[in-house]
Amino acid sequence: MISEPAPTIRELLAFYLEAGVDCALAEEPVDRLAELDAPPQTALQPARTIPQAERARPLAAPAVIRGEAAPAPDVAIATAREAARTAPSLDALRELMEKFDGCALKHTATRLVFADGNPQARIMFVGEAPGRDEDIEGLPFVGRSGKLLDRMIGAIGLDRRTAYIANVIPWRPPGNRTPTPQETQICLPFIQRQIELVDPDVLVTLGNPSTQTLLATREGIMRTRGRWFDYDTGKRSIRALPTFHPAYLLRSPSYKRLAWQDLRAIAKALEQKPS
Ligand code: URA
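All of these numbers come straight from a predicted model, not from anything done at the bench.

K.L.:
Whenever I open this one, the pattern of salt bridges confuses me. Can you help?
P.N.:
When their charged atoms lie close together, side chains carrying opposite charge are able to pair. For the structure on display, the rule yields 14 salt bridges. Put simply, Arg161 and Asp159 hold a salt bridge, and the shortest N to O gap is 2.4 Å. Overall, the relative accessible area of 65% leaves Arg161 in the exposed class. Owing to a relative accessible area of 26%, Asp159 belongs among the partly exposed residues under this scheme.

K.L.:
I tried to follow the sheet that holds strand β2 (residues 123–127) on my own but got confused; where do I start?
P.N.:
Hydrogen bonds between backbone atoms are what pair the strands of a sheet, whose relative direction is either parallel or antiparallel. Read from one edge to the other, the open sheet built from 6 strands follows the order β1-β3-β2-β4-β6-β5, with strand pairing classed as mixed. If you trace the sheet from one side to the other, it starts and ends with β1 (116–117) and β5 (229–232), each paired once. Relative to strand β4 (residues 202–206), β2 runs parallel, the two sharing 4 bridges. The partner of Met124 across the bridge, within β4, is Leu203.

K.L.:
I'm lost on the layout of surface pockets in this one. Help?
P.N.:
To find leftover empty space, a probe the size of one water molecule is rolled over the atoms. Roughly 810 Å³ of volume is contained in the largest pocket. If you trace the largest pocket, you find 31 residues lining it, with Gly131, Ser145, Asn176, His245 and Ala247 closest to the centre. Looking at the lining of the largest pocket, the elements with two or more residues in it are α6 (132–137), α7 (144–154), α9 (208–214) and α11 (246–251). With 4 residues, α11 is the largest single contributor of residues to the lining of the largest pocket. Classifying every residue of the lining of the largest pocket by side-chain character gives 11 nonpolar, 11 polar and 9 charged.

K.L.:
Looking at this model, I keep getting lost on the nonpolar core. Mind explaining?
P.N.:
For soluble globular proteins, nonpolar side chains are generally found buried alongside one another. In terms of nonpolar packing, the biggest core is built from 37 residues, with Met124, Tyr164 and Ile191 touching the most fellow members. Considering every element that reaches this core, the biggest residue donor is helix α8 (residues 181–198), with 7 residues. Dropping the residues within four chain positions of it, Ile191 is found in contact with Met124, Val126, Ala166, Asn167, Val168 and Leu214. Counting residues in hydrophobic clusters, the runner-up holds 24 residues, among them Phe125, Leu148, Leu241 and Ile266.

What counts, and where the lines are drawn
- Residues numbered from 1 in each chain as written.
- Predicted model: local features only at pLDDT ≥ 70, side-chain atom pairs only at ≥ 80, totals over all residues.
- Heavy atoms only, no water.
- Salt bridge = Lys/Arg side-chain N within 4 Å of Asp/Glu carboxyl O.
- Buried < 20%, exposed > 50% of the residue type's maximum accessible area, 1.4 Å probe, protein only.
- Pairing = 2+ DSSP bridges.
- Helix = DSSP H or I, 4+ residues; strand = E, 2+ residues; numbered from the N terminus.
- 1 Å grid on protein atoms, 1.4 Å probe; cavity = no way out; pocket = protein on both sides within 12 Å on 5 of 7 lines; lining within 4 Å.
- Points joined across faces, edges and corners; volume = space filled by probe spheres on them.
- Nonpolar A, V, L, I, M, F, W, Y, C, P; charged D, E, K, R; others polar.
- Core = buried A, V, L, I, M, F, W, Y, C linked by side-chain atoms within 4.5 Å.
- Contact = heavy atoms within 4.5 Å.

The structure is reproduced here in structure tokens:
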């Protein structure tokens, strides 16, 4: 049998990155292989006392992973609702979200990804959650799917000076995993308040999670896309149109034709007088 050479650190890191492991949850690595190699301790074999100097430094796991920081989801949801409701402006909302500690995602993300674009825009796009590039830059939709979103909105004469872009979840889920229903419910009051403060004439939900969360529907994107909904801010009703998420279009380009129909419907709606 020909033995494979041991992978280099670079190869190992590339392997982990491809598997979606692209952020550290603790400051010190744990050598699980060394733990396996250690001789099992039996009742007859008194455990060796490890001298202080040999002991691994305690893991600096984020507080939420130690189970200290995150309040129960219902408390976090109530706190988020109350905080969001009282934010008088987008700046105030951003500031209180920076301070909000009720969502575990905040502790694994690099930073808050609040929004990009023009808060005075007549159109607002809402995606699901930031990915790796957004987490690094602190802006929504700057990675590959963001480039496609820019091209999509460019096709109807819009750009980030004439549109406003945000996500339902403002902190990147580790390894881009799907946010849990609790995380979504905790973050929901923030995006709802953001929509209320931007008060666009047209709201575009990008993909299933954003559509189902904001428009309170259980139907899938194949049924909802291209159909107008009413989004109620509590003060007024905003026309809302679901369309495909650009990341989905990158994987399934044949649906770009339908996305184009949605974009034309959006352009037509914007031709109408501002409400
Ligand atoms: N996907 C999203 O839903 N939002 C982003 O900001 C980036 C990718």
